[in-house]
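Single-letter residue listing:
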Amino acid sequence: MSEPSWPTKLAFRKSAQELAIAFEDGVSGTIAYKRLREESPSAEVRGHGGGPKPPQAPVPEDISVVGAEPVGRYAIRIRFSDGHDSGLYTWKLLRELAKPD
């Protein structure tokens, strides 16, 4: 299996409440902040091990991103306005979540 394409653009658009992302192979798209938070890859959201997902409080419509930092060369950690910051969003996951432009 080939490695995912590298991102060439990551732009957090506060007014649109979305992440715009583009990859070196020409694929680009957007991901709503709410969807990013709902799809967090953290154990807190996904559950530990192979069991069912734990119950989660609804994500507010006005959720925002308050920060992000790179993790190595493969992911970013996103900090949300509700305090959640434990998920590592890999380039592959962001590509899967991105709605094409």
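Heads up: these notes are all about the structure in this document.

## Some points on the overall build of the chain
So, point 1. Across its full length, the chain carries 3 helices and 7 strands.
So, point 2. Listed by position from the N terminus, the elements making up the chain come as β-β-β-α-α-β-β-β-α-β.
So, point 3. Across the 101 residues in the chain, those meeting the buried criterion constitute 34%.
So, point 4. Within the chain, contacts between residues separated by at least 24 positions form 40% of all contacts whose residues are at least 6 apart in sequence.
So, point 5. Of the roughly 6100 Å² that the chain leaves accessible, carbon and sulfur atoms contribute 52%.

## Here we look at the nonpolar core
So, point 1. Formed by 18 residues in total, the largest nonpolar core has its most connected members in Ile31, Leu36, Ile76, Ile78, Phe80, Tyr89 and Leu94.
So, point 2. At the level of elements, strand 2 (18-23), helix 1 (33-38), strand 5 (75-80) and helix 3 (91-97) are the ones that each hand at least two residues to this core.
So, point 3. Sort the elements by how many residues they give to this core and helix 3 lands first, with 4 residues.
So, point 4. Not counting chain neighbours up to four residues away, the residues in contact with Ile31 comprise Gln17, Glu18, Leu19, Leu36, Leu94, Leu97 and Ala98.

## Quick notes on the pattern of salt bridges
Between side chains of opposite charge, a pair can form when the charged atoms approach closely.
So, point 1. On inspection of all chains with the given rule, the structure shows 7 salt bridges.
So, point 2. Where Glu18 meets Arg13, a salt bridge forms, and the shortest distance between an N and an O atom there is 2.8 Å.
So, point 3. Judged by relative accessible area, which is 34%, Arg13 ranks as partly exposed.
So, point 4. Here the salt bridges do not stand alone but share partners, grouping Lys34, Glu38 and Glu61 into one network.

## Here we look at the sheet that holds strand 2
So, point 1. What the 4 strands build is an open sheet, ordered 1-2-3-7; its pairing is antiparallel. Each edge of the sheet is formed by a strand with only one pairing partner; in this case those strands are strand 1 (7-13) and strand 7 (99-100).
So, point 2. With 2 bridges connecting them, strand 3 (residues 28-32) and strand 7 associate as antiparallel partners. Bridging across to strand 7, Thr30 finds its partner in Lys99.

## Focus: the pairing of strand 3
So, point 1. One ladder, built from 5 bridges, connects strand 2 with strand 3; its direction is antiparallel. Paired with Glu18 across the bridge in strand 3 is Ala32.

## Overview of the sheet that holds strand 4 (residues 65-71)
So, point 1. As summarised here, the arrangement of the 3 strands in space is 4-5-6, forming an open sheet in which the pairing is antiparallel. In the strand order of this sheet, the two ends are held by strand 4 and strand 6 (88-90), each with one partner. Between one strand and the next, the sheet's axes are offset by a mean angle of 30°, whatever the strand orientation.
So, point 2. Relative to strand 6, strand 5 runs antiparallel, the two sharing 3 bridges. By the bridge assignment, Ala75 is partnered in strand 6 with Thr90.

Criteria and cut-off values
Residues numbered from 1 in each chain as written. Predicted model: local features only at pLDDT ≥ 70, side-chain atom pairs only at ≥ 80, totals over all residues. Heavy atoms only, no water. Helix = DSSP H or I, 4+ residues; strand = E, 2+ residues; numbered from the N terminus. Buried < 20%, exposed > 50% of the residue type's maximum accessible area, 1.4 Å probe, protein only. Contact = heavy atoms within 4.5 Å. Areas by Shrake-Rupley, 256 points an atom, 1.4 Å probe, with all protein chains shown as cover. Core = buried A, V, L, I, M, F, W, Y, C linked by side-chain atoms within 4.5 Å. Salt bridge = Lys/Arg side-chain N within 4 Å of Asp/Glu carboxyl O. Pairing = 2+ DSSP bridges. Axes fitted to C-alpha atoms, helices over the stretch in contact; angles between N-to-C directions.

Any functional reading would require information that these geometric values do not contain.
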